[in-house]
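A look at the structure
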Amino acid sequence: MLGVHAKETPKLSVEEEQQFLYYFYEAERLIQLQQIEQAKPVVEFCYALNPNDATINNYMGLYAQAEEQTDAMAMYFRRAYELNPQEYWYNHHVLLLQSDDKKIQQQAVKQMAEMAKKDTKNAELHGVLQKAYIVLKQYRQALEVQDRLDSINGYDAMSAMQRYRLNAMMKNNKQAIYEIERYLDIDPDNYQFQVFRMQLYEQTHQPPEKMVPAYEAVLRMDSRNIVVMNNLAWNLCLLGKNLMQAEELSRITIMREPSNPIYLDTYGWIMYQLGDCQSALFYLERAIENSGEKVEKEIETHYKEVKKKCK
């Protein structure tokens, strides 16, 4: 079992320093060779010789972690951090962030934020800090960290996605949309982002003028997607433009799913806009018949309006 040594030891003599270095490098060699168990007694001996070495404390923490000695693990990782904060911040702060105590989590975030100010090029540090801010729902601070990550790694799809998500979590829909559109200006053929844009437009109830090009972009890459096809046809109909294109698209959807009430409703409404009342009523009646017990309010409204105006 690994012991916890709390007592400070005096400065090593030259002979002790040489002895420590010999066993230290032997421990490093064994660990690099993945001979972890063989390295353990060497690491423990190094710790006995010099408990104030950051690397040895980190190794002791890793062995304690493997043996589920949580108190010892926390102590060793904390000591490694105190002895060399720049090199051994990670394990100590991850433990703090995993605490159920919000004050301890905030303490870890504060320490990492201070380190990040000094170590502006450390992408790993900034990445962990950002995740911590997100867990604590400090989304604005997480966005500020993203600015620094972009200065380190450059702006890319991952950056755009993170900016989109953070703004969405803050319910800043306008900025979330901007982040998706911004990336699509760079990479217009990115299917995933085209779908995100389409879904975001739907969720935020964008006008048909914006919905039509969003659906068209997705349909170009997924030409057999009849849900998108129906939605594009519907929005073209709402615009009152390209009704023949809308009819062609909608006709494909009801040919593939002839009993789908949503698609039948779309086709019926398009036929109404084209002035074909008889066809409009026929397809709207089929939509109602295929709706089961509960008829969609919109379908019912369409049917009543067409019936009233097409006497």
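Note that the structure is predicted; figures quoted are calculated from it, not measured.

Definitions and cut-offs
- Residues numbered from 1 in each chain as written.
- Predicted model: local features only at pLDDT ≥ 70, side-chain atom pairs only at ≥ 80, totals over all residues.
- Heavy atoms only, no water.
- Axes fitted to C-alpha atoms, helices over the stretch in contact; angles between N-to-C directions.
- Helix = DSSP H or I, 4+ residues; strand = E, 2+ residues; numbered from the N terminus.
- Parallel < 35°, antiparallel > 145°, perpendicular 65-115°, else oblique.
- Left-handed = near helix turned anticlockwise from the far one by under 90°.
- Contact = heavy atoms within 4.5 Å.
- Salt bridge = Lys/Arg side-chain N within 4 Å of Asp/Glu carboxyl O.
- Buried < 20%, exposed > 50% of the residue type's maximum accessible area, 1.4 Å probe, protein only.
- Nonpolar A, V, L, I, M, F, W, Y, C, P; charged D, E, K, R; others polar.
- Core = buried A, V, L, I, M, F, W, Y, C linked by side-chain atoms within 4.5 Å.
- Expected span 1.5 Å × (residues − 1).
- Arc of directions from axis to C-beta.
- Phe/Tyr/Trp six-rings, centres within 6.5 Å; stacked < 30°, edge-to-face > 60°.

**Some words on the packing of helix H11 (residues 191-203) against helix H12 (residues 208-221)**
Between H11 and H12, the least distance of the axes is 9 Å, while the angle of their chain directions is 150 degrees. When the axes of H11 and H12 are compared, the pair comes out roughly antiparallel. When you trace H11 past H12, the crossing you get is left-handed. Across the interface between the two elements, Tyr191, Gln194, Val195, Arg197, Met198, Tyr201 and Glu202 from H11 touch Lys210, Met211, Pro213, Ala214, Tyr215, Ala217, Val218 and Met221 from H12.

**Some remarks on the pattern of salt bridges**
For the structure shown, the criterion picks out 13 salt bridges. A salt bridge links Lys309 to Glu305, with the shortest nitrogen-to-oxygen separation between them at 3.6 Å. With a gap of 4 residues between them, Lys309 and Glu305 both fall in helix H17 (residues 297-309), about one helical turn apart. Given the relative accessible area of 28%, Glu305 is considered partly exposed.

**Here's the deal with the packing of helix H14 (residues 243-256) against helix H15 (residues 261-273)**
Here H14 crosses H15 at 150 degrees, and the two axes come no closer than 9 Å. Judged by the angle between their axes, H14 and H15 are roughly antiparallel. Pair H14 / H15 crosses with left-handed handedness. Residues Leu243, Ala246, Glu247, Ser250, Arg251, Thr253 and Ile254 of H14 form the contact with H15, whose own contacting residues are Tyr263, Leu264, Thr266, Tyr267, Ile270, Met271 and Gln273. For the contact of H14 with H15, the class distribution of residues is 8 nonpolar, 4 polar and 2 charged.

**Re the side chain of Arg163**
With respect to the helices and strands, Arg163 occurs in helix H9 (residues 157-169). Of the residues examined, Arg163 reaches a relative accessible area of 8% and is grouped as buried. Dropping the residues within four chain positions of it, Arg163 is found in contact with Leu143, Gln146, Asp147, Asp150, Tyr155, Glu179 and Arg182.

**Notes on the environment of Asp119**
Along the chain, the position of Asp119 falls in the loop between helix H6 (102-118) and helix H7 (123-135). Note on Asp119: relative accessible area 22%, which makes it partly exposed. Taking the C-alpha atoms as reference points, Asp119 and Gln86, separated by 33 residues in sequence, lie 8.4 Å from one another. Excluding anything up to four places from it in sequence, Asp119 contacts Gln86, Leu125 and His126.

**Quick word on the nonpolar core**
Ile180, Phe193, Leu232, Leu249 and Val306 are the most contacted members of the largest nonpolar core, which totals 47 residues. For this core, the leading source of residues is helix H13 (residues 226-239), giving 8 residues. Filtering out sequence-adjacent residues up to four positions away, Phe193 remains in contact with Ala157, Ala160, Met161, Ile180, Tyr183 and Leu184.

**Remarks on H17**
End to end, H17 covers 18 Å across 13 residues, agreeing with the expected 18 Å (1.5 Å per residue, within 8%). Within the sequence span of H17, burial applies to Ile299, His302, Tyr303 and Val306. Taken down its axis, H17 places every buried residue within 95 degrees of arc, on the same side. Those residues of H17 that are exposed and angled more than 90 degrees off the buried face are Lys297, Lys304, Lys308 and Lys309. Where H17 is buried, its residues touch H13, H15 and helix H16 (277-289).

**Points about the packing of aromatic side chains**
Each aromatic ring pair is specified by the distance between its two centres and by the angle formed by the two planes. Under the defined criterion, the tally for this structure stands at 13 aromatic pairs. When the ring of Tyr164 is compared with that of Phe196, the centres are 5.7 Å apart and the planes differ by 35 degrees; the resulting orientation is tilted. Of the two residues, Tyr164 sits in helix H9 while Phe196 sits in helix H11, which places them 32 residues apart along the sequence. For the pair Tyr164 and Phe196, one class covers both residues: buried. Between Tyr267 and Tyr283, the aromatic rings sit 4.8 Å apart at their centres with planes inclined by 85 degrees, giving edge-to-face as the arrangement. Of the two residues, Tyr267 is situated in helix H15 and Tyr283 in helix H16; the sequence distance between them amounts to 16 residues.

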